[in-house]
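A structural walkthrough
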Amino acid sequence: MNFRAVRAIYLFEMARTWRTLLQSIVSPVVSTSLYFVVFGAAIGSRITSVEGVSYGTFIVPGLVMLSVLTQSIANASFGIYFPKFVGTIYEILSAPISYFEIVLGYVGAAATKSIILGLIILATAGLFVPLQIHHPWWMLAFLVLTAVTFSLFGFIIGIWADGFEKLQMIPMLVVTPLTFLGGSFYSVNMLPSGWRTITLLNPVVYLISGFRWSFYEIADVSVGLSVGITLMFLAICMVVVWWIFKTGYRLKN
Amino acid sequence: MRAMSPIISVANLSKTYGSGFKALDNINLEINRGEIFALLGPNGAGKTTLISIICGIANLSQGRVIVGGHDINKQYRAARSLIGLVPQELHTDAFESVWATVSFSRGLFGKPKNPAHIEKVLKDLSLWDKKDAKIVTLSGGMKRRVMIAKALSHEPQILFLDEPTAGVDVELRKGMWEVVRTLQASGVTIILTTHYIEEAEEMADRIGVINKGEIILVADKAGLMQKLGRKQLKLHLQGRIDAIPAALAPYNLELADGGRELIYNYDTKGERTGITSLLSDLRGAGIRFNDLETTQSSLEDIFVSLVRRT
Ligand SMILES: Nc1ncnc2c1ncn2[C@@H]1O[C@H](COP(=O)(O)OP(=O)(O)OP(=O)(O)O)[C@@H](O)[C@H]1O
Ligand SMILES: [Mg+2]
């Protein structure tokens, strides 16, 4: 194991975050605060509570997940796309490091960033509404699992993308709709039953449901199912990454 | 490992790009430990492709490459740690400092921190006063030297320089070659490509010529010059002649400068150059000359004639 290489990549990526601090941390915090103002204050004044929790409080886990998801994908996809784009990837490919170590460096850094971000957003939310976390360890576990899984997903997008458009296409056309329709702002149980069935095909529902359960012990689906679906998605991403490196897809041809 | 075993050995290597284009066709090549090897070839010949495969940047389609006794696919860690690569294109991070980017390379190759080594590399490449500068603020020639510094940061035994002097001014180019010679003296094997053929002529121990994906020649530089080097003897005549006398026909002389000059081409590899008999036959034909000069074809001439022939 070439730990020094993993460390070098990891620190390089983290340094990029500090350089772009404003964009990396400040802007998601600002947009989350806006969500609170719009959804929490405006809509929350009409919907007083969801399953015994005030609306403002109810949406916190969903909001955190929303940012963690999108930021994981954005960080990881950009992190690997950029060296491909400017050509500095040559050095990574010619270094004595394994695929696993490359992924560990890039995905590790992307996940770290979005976990930090998730926690900052959580703290920001605490300024607006009272929070309680029934299962803090589960909460952290969901946070880490989601960050890692979607960073891996972002890594795949970054390798697949051969232009900035593609880089933004998947997050915009697929991920954002799925997260918005995934129960960030409502309980799936509030939907008419037809919609409810369709919604259950959305993997993000399981993430948000599990995450919300760790806060308030209310869930749309069972916690075991949430963990299971997330792990399954993680496994799929891992297989794809393995395939990418095995064939050199878009990297070595 | 025997001291004389090649440090790189490429066997039956072919590369077909995803587009279906065959960039390398059955390449066989051995690089000796400690030599400076110049790979020459016209644009698109496949030099960069060959280097990319050896360094792990591109997949090979067929064949086998052994670096320092390690297969580049099966034992990629051992193989790659021996190699430093300076690619043809300037690929640098923009906002990193010179020091940070060079240190990063060392880490990437799994070497423990060694500021003294990095300081030495930067000083050797006249980059020391730029160590804290962001890379965007550097000139093209400086960026190229940063890339060389990155490649040297992890103390490689083999250094690939893919057109290292493109865009580097004359003085710095000299400095660069000094660095290369020092490296060679310390036992580093150097493989370089260049379009400045005088450079190869001056620097290299051996030369390989590649054209359209095939190695068409590998030779000792001195041997090559001798083997293919043609010499030319120019005789400045005292008077003018209108035609070459029939007695001199076997020499295939050319008449130049309006009949005031005779040119004789001969091969240095031949046992006899024919000069002695030519001179006596000239005297026999009554042709007198007041000066003579010989010129030897340069590597560039050799190169051009080789590439044209294929
Ligand atoms: N990624 C690629 N996909 C398809 N074809 C490629 C690719 N890279 C290079 N080629 C082709 O392979 C051939 C060899 O290219 P290569 O870059 O190895 O040449 P070169 O000898 O380094 O030339 P130059 O002196 O211009 O640097 C060229 O015809 C080029 O068009
Ligand atoms: Mg080239």
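One can find the structure itself at the top, above this paragraph.
What counts as what
- For every chain, the first residue of the written sequence is number 1, and numbering continues from 1 onward in sequence order.
- Chain letters and ligand numbers both follow the written order, the letters beginning at A and the numbers at 1.
- Local features in a predicted model are, by the rule used here, given only for residues with pLDDT of at least 70; side-chain atom pairs are given and counted only at 80 or more, and totals for whole chains, interfaces and linings are based on all residues.
- Working from all heavy atoms in the structure, the side-chain values ignore hydrogens and water.
- Partly exposed residues are those whose accessible area sits between 20% and 50% of the maximum for their type, while under 20% is buried and over 50% is exposed, using a 1.4 Å probe and protein chains only.
- Only DSSP runs of H or I covering at least 4 residues are called helices, and only runs of E covering at least 2 are called strands; the numbering of each starts at the N terminus.
- Strands were regarded as paired on the criterion that DSSP finds at least two bridges between them.
- We call two residues in contact whenever any of their non-hydrogen atoms come within 4.5 Å of each other.
- Accessible area that two parts lose when put together, with a 1.4 Å probe and added across both, is what the buried area reports.
- By definition here, a salt bridge exists when the distance from a side-chain nitrogen of Lys or Arg to a carboxyl oxygen of Asp or Glu is within 4 Å.
- We call two N or O atoms a polar contact when they sit within 3.5 Å, provided that within protein one can donate a hydrogen and the other can accept it, with sequence-adjacent residues counted only if both atoms are side-chain atoms.

1. Topic: the pairing of strand 9 (residues 206-211) of chain B
Residue and element names in this part refer to chain B.
- Counting buried residues in strand 9 gives six out of six residues, a clear majority hidden from the surface.
- The side-chain alternation of strand 9 yields two buried faces, one formed by Arg206, Gly208 and Ile210 and the other by Ile207, Val209 and Asn211.
- For strand 3 (residues 36-40) and strand 9, the ladder comprises four bridges, and the chain directions are parallel. The partner of phenylalanine 37 across the bridge, within strand 9, is arginine 206.
- Two strands pair when backbone bridges link them, and strand 9 and strand 10 (residues 214-220) are joined in this way by six bridges, in the antiparallel orientation. When the bridges of strand 10 are listed, asparagine 211 appears paired with glutamate 214.
- Adjacent in sequence and paired antiparallel, strand 9 and strand 10 are bridged by two residues, among which lysine 212 carries a positive phi angle near 50°.

2. Considerations on the interface of chain A and chain B
- Every contact between the two is made by 27 residues of chain A and, on the other side, 30 residues of chain B.
- Interface of chain A and chain B: buried area, both sides summed, is about 2,500 Å²; carbon and sulfur atoms make up 54% of it.
- Contact with chain B buries area across many residues of chain A, yet Tyr90, Glu91 and Pro96 of chain A alone supply 26% of it, more than any other trio.
- There are three salt bridges connecting chain A and chain B.
- Notably, a salt bridge pairs lysine 150 of chain B with glutamate 91 of chain A, separated by 3.0 Å at the nearest N-O pair.
- Run the count over chain A and chain B and you get twelve residue pairs in polar contact (both at pLDDT 80 or more).
- Only helix 1 (3-19) and helix 4 (89-94) of chain A provide two or more residues apiece to the side of chain A that touches chain B.
- Among the elements that make up the side of chain A that touches chain B, the one with the highest residue count is helix 1 of chain A (seven residues).

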